[in-house]
There are 2 protein chains.
Amino acid sequence: MKFHATILIELKEGILDPQGRAVEGVLKGLGYAVEQVRVGRVLEMELEAESEAQAKETALAIAGALANPVMEVYTLEALKPLQEVL
Amino acid sequence: MKFHATILIELKEGILDPQGRAVEGVLKGLGYAVEQVRVGRVLEMELEAESEAQAKETALAIAGALANPVMEVYTLEALKPLQEVL
């Protein structure tokens, strides 16, 4: 059974985010009233698993493998059987 | 009124994603049965707006300003009044 997973990997609160600062500066320059801009990564993937529970476990293990545990946090933003995505 | 917005910016379907390919290779090397890995950016920000409708409009305008219209698509993944986030 195939699943589609969306994983977010973001810098922990309190870790300086120069890319976020840069984007914030650009947006303020364009006239947008924004604050606390943070930039992270989103990963989308298809994964094979026996059940939704197993897919969730695999997706979280993958997120843990890709994130830097010192500086980053990960979130399983979405997990859906593949036919629902198509 | 302050809102928290989560914006995803990803490469369009069909655009080659070398970073996704690299991550897919790493994950397969670790033994995970994954396919179609795509890597994009996630932006989190606080924005000031009069209403939820105006916040949505502003967030979509910001996403449009930050995405490359030729190669990327953007999604407003979440928009919440700030007190719900805290």
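Everything below is about the structure printed above this text.
Residues numbered from 1 in each chain as written. Chains lettered and ligands numbered in written order. Predicted model: local features only at pLDDT ≥ 70, side-chain atom pairs only at ≥ 80, totals over all residues. Heavy atoms only, no water.

Undergrad: Can you tell me about the overall build of chain A, naming the residues and giving the values?
TA: Along the backbone of chain A there are 3 helices and 3 strands. Shown N-terminal to C-terminal, the secondary structure of chain A runs as helices and strands in the order β-α-β-α-β-α. A compact globule built from 86 residues should have a C-alpha radius of gyration of about 12 Å, whereas chain A, at 16 Å, is more than 25% larger. Expressed along its principal axes, the backbone C-alpha trace of chain A runs to roughly 50 × 30 × 15 Å. Here chain A holds 86 residues, and the buried ones make up 41% of them. Taking the average location of the 8 positive side-chain charges in chain A and that of its 14 negative ones, the two points are 7 Å from each other. (Helix = DSSP H or I, 4+ residues; strand = E, 2+ residues; numbered from the N terminus. Rg over C-alpha atoms; globule rule 2.2 N^0.38 Å. Buried < 20%, exposed > 50% of the residue type's maximum accessible area, 1.4 Å probe, protein only. Lys, Arg positive; Asp, Glu negative; His and termini not counted. Charge placed at Lys NZ, Arg CZ, Asp CG, Glu CD.)

Undergrad: Any details on the interface of chain B and chain A? Residues and values, ideally.
TA: Listed as interface residues are 30 residues of chain B and, on the opposing side, 29 residues of chain A. Summed over both partners, the interface of chain B with chain A comes to about 2500 Å²; 63% of that surface belongs to carbon and sulfur atoms. The largest per-residue losses of area from chain B upon contact with chain A belong to V42, E44 and E46 of chain B, which jointly make up 20% of the total buried on that side. Across the chain B-chain A interface, the total number found is 2 salt bridges. Close ionic contact of E35 of chain A with K2 of chain B constitutes a salt bridge, the shortest N to O distance being 3.1 Å. On the surface where chain B and chain A come into contact, there are 10 residue pairs in polar contact (both at pLDDT 80 or more). At the level of elements, strand 1 (2-11), helix 1 (18-29), strand 2 (34-48) and helix 2 (52-66) of chain B are the ones that each hand at least two residues to the side of chain B that touches chain A. By the bridge criterion, 11 bridges tie strand 2 (residues 34-48) of chain A to strand 2 of chain B in an arrangement that is antiparallel. (Contact = heavy atoms within 4.5 Å. Buried area = accessible area lost by both parts, 1.4 Å probe. Salt bridge = Lys/Arg side-chain N within 4 Å of Asp/Glu carboxyl O. Polar contact = N/O pair within 3.5 Å; in protein donor to acceptor, adjacent residues only side chain to side chain. Pairing = 2+ DSSP bridges.)

Undergrad: Lay out the sheet that holds strand 3 (residues 72-81) of chain A with the relevant residues and their values.
TA: An order of 3(A)-1(A)-2(A)-2(B)-1(B)-3(B) is seen for the 6 strands of this open sheet, with the pairing classed as antiparallel. The two strands at the open ends of the sheet, each matched to only one other strand, are strand 3 of chain A together with strand 3 (72-81) of chain B. Shown here is a sheet whose adjacent strand axes are inclined to one another by a mean of 25 degrees, direction ignored. The pairing of strand 1 (residues 2-11) of chain A with strand 2 of chain A spans 8 bridges and is antiparallel. Looking across to strand 2 of chain A, one finds that K2 of chain A is bridged to E48 of chain A. Contacting strand 2 of chain A together with strand 2 of chain B, helix 1 (residues 18-29) of chain A runs over the sheet at an angle of about 120 degrees to strand 2 of chain A. (Axes fitted to C-alpha atoms, helices over the stretch in contact; angles between N-to-C directions.)

Undergrad: Break down the pattern of salt bridges for me, with residues and values.
TA: Any two side chains of opposite charge can pair, on the condition that their charged atoms come close. All names here are of chain A. Counted according to the given criterion, the structure contains 6 salt bridges over all chains. The closest approach of N and O atoms between E24 and K28, which form a salt bridge, is 3.0 Å. With E24 and K28 both in helix 1 and 4 residues apart, the pair spans about one turn of that helix. Assessed through its relative accessible area of 13%, E24 is described here as buried. Residue classification places K28 among the partly exposed residues on the basis of a relative accessible area of 44%.

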